[in-house]
Amino acid sequence: MSSENNHEVDIMYGLKTVLAQIEGAVARRSKDLPQILPKLVAVSKIKPVPLIIQAYEAGQRHFGENYVNELAEKAHNPDILEKCKEIKWHFIGHLQTNKINKCLGSPGLYILETVDSEKLADNLNKQWAKIRNTDDKLNIMVQVNTSGEEAKSGIDPSQATNLVEHVIKNCHNLNFQGLMTIGQYDYDTSLGPNPDFLSLVKCRQEVTDKLNLDINNIELSMGMSTDFEHAIELGATTVRVGSKIFGARPPKN
Ligand SMILES: *Cc1c(COP(=O)(O)O)cnc(C)c1O
């Protein structure tokens, strides 16, 4: 066992704490915002299957992964299949064309949060029609690069509405559920509201106005361990929290 694993993590405690903090943040949220109850996605990347099962048994249903191979492996894991029958996987990483089928073939896939081009949307639309075994559409979110950092995926905010329109008009096997952003890490909130979150809120308003959609049906996926409460106060309806539940991940090399 690595030293990370020796460190006992109390998943139940982590989940409870995060859920209580979510509730507190909802109470502080501006009443002008759509009153959508935030969904907690437990981001389990790099974390082993037994921890996922522990979280599931504590009541958690939505889990996030951002590497296709890891998602596929965990989703097909016999223990997960047996013990976590209602698990809902969120794919939150960058999806390459050659990994689409592997991603879509993952049992329990609930949503793909990272659609950032017409080409990817078209490919998903085509492949989902071949792979799915129900009439259900594939839930997707459009990922927006709100911070303008080149290393981050996502479509430019100015193009978000066009991409959403493309999905709604041309991709009939996809179900548009909302907008997602990662944003800059470690933003100092003493400087004011995180501009990335404000930018995503603004994108949703534009999508709503230009495409004549109901704002209450458009989710905002934003906020992670360090800033999910702040994100909820600004309107997040999906927060993606990893280390706060499962413990710190080893640093990237
Ligand atoms: C890893 C990851 C998260 C969770 O990060 P934490 O800081 O551990 O909460 C959220 N969203 C994405 C896209 C991620 O890759």
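Residues numbered from 1 in each chain as written. Predicted model: local features only at pLDDT ≥ 70, side-chain atom pairs only at ≥ 80, totals over all residues. Heavy atoms only, no water.

Going by the annotation in an unreviewed UniProt entry, the name recorded for the protein chain is Pyridoxal phosphate homeostasis protein, with Bicyclus anynana given as the source organism. What UniProt states about the protein chain under its Function (unreviewed entry) heading is, verbatim, "Pyridoxal 5'-phosphate (PLP)-binding protein, which may be involved in intracellular homeostatic regulation of pyridoxal 5'-phosphate (PLP), the active form of vitamin B6." (UniProt positions renumbered as here; feature names shortened; annotations may be inferred.)

Before going further, it helps to spend a moment on the overall build of the protein chain. Summing up its helical and strand segments, the protein chain has 11 helices and eight strands in all. For the protein chain, the C-alpha radius of gyration of 18 Å lies close to 18 Å, the compact-globule estimate for 253 residues. The C-alpha extent of the protein chain, read off along each of the three principal axes, is 50 × 50 × 35 Å. The proportion of buried residues among the 253 residues of the protein chain is 51%. Long-range pairs, those at least 24 residues apart, make up 66% of the contacts in the protein chain with a sequence separation of at least 6. In the form shown here, the protein chain has an accessible surface area of approximately 12,600 Å², with 49% of it arising from carbon and sulfur atoms. (Helix = DSSP H or I, 4+ residues; strand = E, 2+ residues; numbered from the N terminus. Rg over C-alpha atoms; globule rule 2.2 N^0.38 Å. Buried < 20%, exposed > 50% of the residue type's maximum accessible area, 1.4 Å probe, protein only. Contact = heavy atoms within 4.5 Å. Areas by Shrake-Rupley, 256 points an atom, 1.4 Å probe, with all protein chains shown as cover.)

Here the focus is the packing of aromatic side chains. Enumeration over the complete set of coordinates arrives at one aromatic pair. With a centroid separation of 6.1 Å and 55 degrees between ring planes, the pair formed by Phe63 and Trp89 is classed as tilted. Placement of the pair is Phe63 in strand S2 (residues 62–65) and Trp89 in strand S3 (residues 88–91), with a sequence separation of 26 residues. With a relative accessible area of 0%, Phe63 lands in the buried category. Relative accessible area serves as the criterion here: at 0%, Trp89 is assigned to the buried category. (Phe/Tyr/Trp six-rings, centres within 6.5 Å; stacked < 30°, edge-to-face > 60°.)

This part is about the pattern of salt bridges. Counted by the stated rule, this structure contains eight salt bridges. Where Lys169 meets Glu165, a salt bridge forms, and the shortest distance between an N and an O atom there is 2.8 Å. Of this pair, Lys169 and Glu165 both sit in helix H8 (residues 160–170), four residues apart, which is roughly one turn of the helix. Overall, the relative accessible area of 51% leaves Lys169 in the exposed class. (Salt bridge = Lys/Arg side-chain N within 4 Å of Asp/Glu carboxyl O.)

Right, let's talk about helix H9 (residues 195–211) for a bit. Along an α-helix, residues three or four positions apart point the same way, because every turn accommodates 3.6 residues. Compared with an ideal rise of 1.5 Å per residue, which puts 17 residues at 24 Å, H9 spans 24 Å between its outermost C-alpha atoms and is within 8% of the ideal. Turning to H9, its buried residues number three or more, namely Asp196, Phe197, Ser199, Leu200, Cys203, Arg204, Val207, Thr208 and Leu211. Here the buried face of H9 lies against H8, strand S6 (174–180), strand S7 (219–221) and helix H10 (228–233). Taking the backbone nitrogen of Asp196 as reference, a side-chain oxygen 2.8 Å away marks Asn194 as the first, capping residue of H9. Just downstream of H9 lies Asn212, where phi reads positive at about 60 degrees. (Expected span 1.5 Å × (residues − 1). Polar contact = N/O pair within 3.5 Å; in protein donor to acceptor, adjacent residues only side chain to side chain.)

What follows deals with unusual backbone geometry. With phi around 70 degrees, Ile46 is a residue other than glycine that occupies positive phi space. Its place among the elements puts Ile46 in the loop between strand S1 (39–43) and helix H3 (49–57). For Ile46, a relative accessible area of 48% translates into the label partly exposed. A positive phi is found at Asn212, a non-glycine position, where the angle reads about 60 degrees. Assignment of secondary structure puts Asn212 in the loop between H9 and S7.

Let us look at the UniProt feature "modified residue: N6-(pyridoxal phosphate)lysine" (unreviewed entry) in the protein chain. The positions that UniProt labels "modified residue: N6-(pyridoxal phosphate)lysine" (unreviewed entry) are, in the present scheme, Lys45. If you trace the backbone, Lys45 turns up in the loop between S1 and H3. Not counting residues within four places of it along the chain, the set of residues in contact with Lys45 comprises Gly64, Glu65, Asn66, Glu70, Lys74 and Arg249.

Turning to the site of the ligand, a few remarks are in order. By nearness alone, every residue bordering the ligand is listed as Val43, Lys45, Asn66, Ile92, Ile182, Met224, Ser225, Arg240, Val241, Gly242, Ser243 and Arg249. The separation between an oxygen atom of the ligand and a polar side-chain atom of Asn66 is 2.9 Å. Between an oxygen atom of the ligand and a side-chain N or O atom of Ser225, the distance comes to 2.5 Å. The fraction of the free accessible surface of the ligand (390 Å²) that becomes covered by protein chains is 92%. By residue class, the composition of the shell around the ligand is five nonpolar, four polar and three charged. (Near = heavy atom within 4 Å. Nonpolar A, V, L, I, M, F, W, Y, C, P; charged D, E, K, R; others polar.)

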